[in-house]
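A look at the structure
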Amino acid sequence: MKNITDSFLSLGYWPSAGSFGFNTDILATNPINLSVVLGVLIFFGKGVLSDLLDNRKQRILKTIKNSEELREGAIEQLEKARDRLRKVEMEADRFRVNGYSEIEREKWNLINSIYTTLEQLENYKNETIHFEQQRVINQVRQRVFQQALQGALGTLNSCLNNELHLRTISANIGMFGAMKEIK
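Reading the values: the criteria
Residues numbered from 1 in each chain as written. Predicted model: local features only at pLDDT ≥ 70, side-chain atom pairs only at ≥ 80, totals over all residues. Heavy atoms only, no water. Helix = DSSP H or I, 4+ residues; strand = E, 2+ residues; numbered from the N terminus. Buried < 20%, exposed > 50% of the residue type's maximum accessible area, 1.4 Å probe, protein only. Areas by Shrake-Rupley, 256 points an atom, 1.4 Å probe, with all protein chains shown as cover. Patch = residues over 30% accessible without salt bridge, like charges linked within 9 Å, V, L, I, M, F, W, Y side chains within 5 Å. Salt bridge = Lys/Arg side-chain N within 4 Å of Asp/Glu carboxyl O. pLDDT = per-residue confidence, 0-100. Contact = heavy atoms within 4.5 Å. UniProt positions renumbered as here; feature names shortened; annotations may be inferred. Phe/Tyr/Trp six-rings, centres within 6.5 Å; stacked < 30°, edge-to-face > 60°.

A short note on the overall build of the protein chain
- On a plain count of helices and strands, the protein chain comes out with 3 helices and 0 strands.
- Its helices and strands in sequence order give the protein chain the pattern α-α-α, from N to C terminus.
- A total of 183 residues make up the protein chain; the buried ones form 1% of that total.
- Working note: accessible area of the protein chain is about 17,400 Å², and carbon and sulfur atoms make up 63% of it.

This is the structure in structure tokens:
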């Protein structure tokens, strides 16, 4: 590191060869060097800098233009969305009104259907009761008839003896024979 520093210091001690050389006086050379560097930068860098600034300006203007176009597109989309929202709200109100009237209509249809079903169930109940009454009446008649028949058979069996029994059978056979002859 010391060698590099020494080499720079030794450059300052070279003997000048005419008008060209290194001036090691910092106070005398610094403003001149700065003005030369600035002059060169302004002269040569002016075109580059203006091109860079023009490019930057064009990009900014293009970005602003794109932003304006996007803003206008967003405003159009917002208006379309608001129109769709209004249409949907109107349709929802219409459905709501129609829905309420449809619900009311369905309610009355259901009530009427329930009344009809209740009437049918009442009719079925009455028919079932009437059928069961007839069945019970028939059962009672059959029992009464069986009991009367058993009582009559018991009376006949107790009253009939062999001779009476044979006479009854002969009379019945005679009646069957007479019926056969009639046919």
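Here's the deal with a nonpolar patch on the surface
- The grouping of Leu-110, Ile-114, Tyr-115, Leu-118, Leu-121 and Tyr-124 at the surface amounts to a nonpolar patch, some 650 Å² of accessible area in total.
- Mapped onto the secondary structure, Ile-114 falls in helix α2 (residues 26–159).

Here we look at the pattern of salt bridges
- By the definition in use, this model includes 8 salt bridges.
- Between Glu-68 and Arg-71 there is a salt bridge, with its nearest N and O atoms 3.7 Å apart. A residue pair is termed a helical-turn pair when its members lie 3 or 4 positions apart in one helix, as Glu-68 and Arg-71 do in helix α2 at 3 residues.
- On the basis of relative accessible area, Arg-71 is assigned to the partly exposed category, the value being 47%.
- A salt bridge links Glu-122 to Lys-125; the nearest nitrogen and oxygen atoms lie 3.0 Å apart. One end of the pair is Glu-122 and the other is Lys-125, both in helix α2 and 3 residues apart, which spans about a single turn.

Topic: the confidence of the model for the protein chain
- Predicted confidence across the protein chain gives a mean pLDDT of 82, with 83% of residues reaching 70 or more.
- Across the protein chain, the secondary-structure element scoring lowest on mean pLDDT is helix α1 (residues 2–11), at 51, and the one scoring highest is α2, at 87.
- Low pLDDT, under 50, characterises residues 11–17; the stretch is placed with 2 contacts to residues that sit more than four places away or in other chains.

Quick word on the UniProt feature "coiled-coil region" (unreviewed entry) in the protein chain
- The UniProt record marks residues 64–98 with the feature "coiled-coil region" (unreviewed entry), using the residue numbering of this structure.
- Structurally, residues 64–98 is divided into 100% helix and 0% strand, and its ends, taken at the C-alpha atoms, are 50 Å apart.

Overview of the UniProt feature "transmembrane region" (unreviewed entry) in the protein chain
- Cross-referencing UniProt, the feature "transmembrane region" (unreviewed entry) maps to residues 32–53 in the present numbering.
- Within residues 32–53, the helical portion is 100% and the strand portion 0%, while the C-alpha atoms at the span's ends are 28 Å from each other.

Quick word on the packing of aromatic side chains
- Under the counting rule described, the total for this entry stands at 1 aromatic pair.
- Ring centres of Phe-43 and Phe-44 lie 4.9 Å apart, and the angle between their planes is 85°; this geometry places the pair in the edge-to-face category.
- Among the residues examined, Phe-43 registers a relative accessible area of 62% and is labelled exposed.

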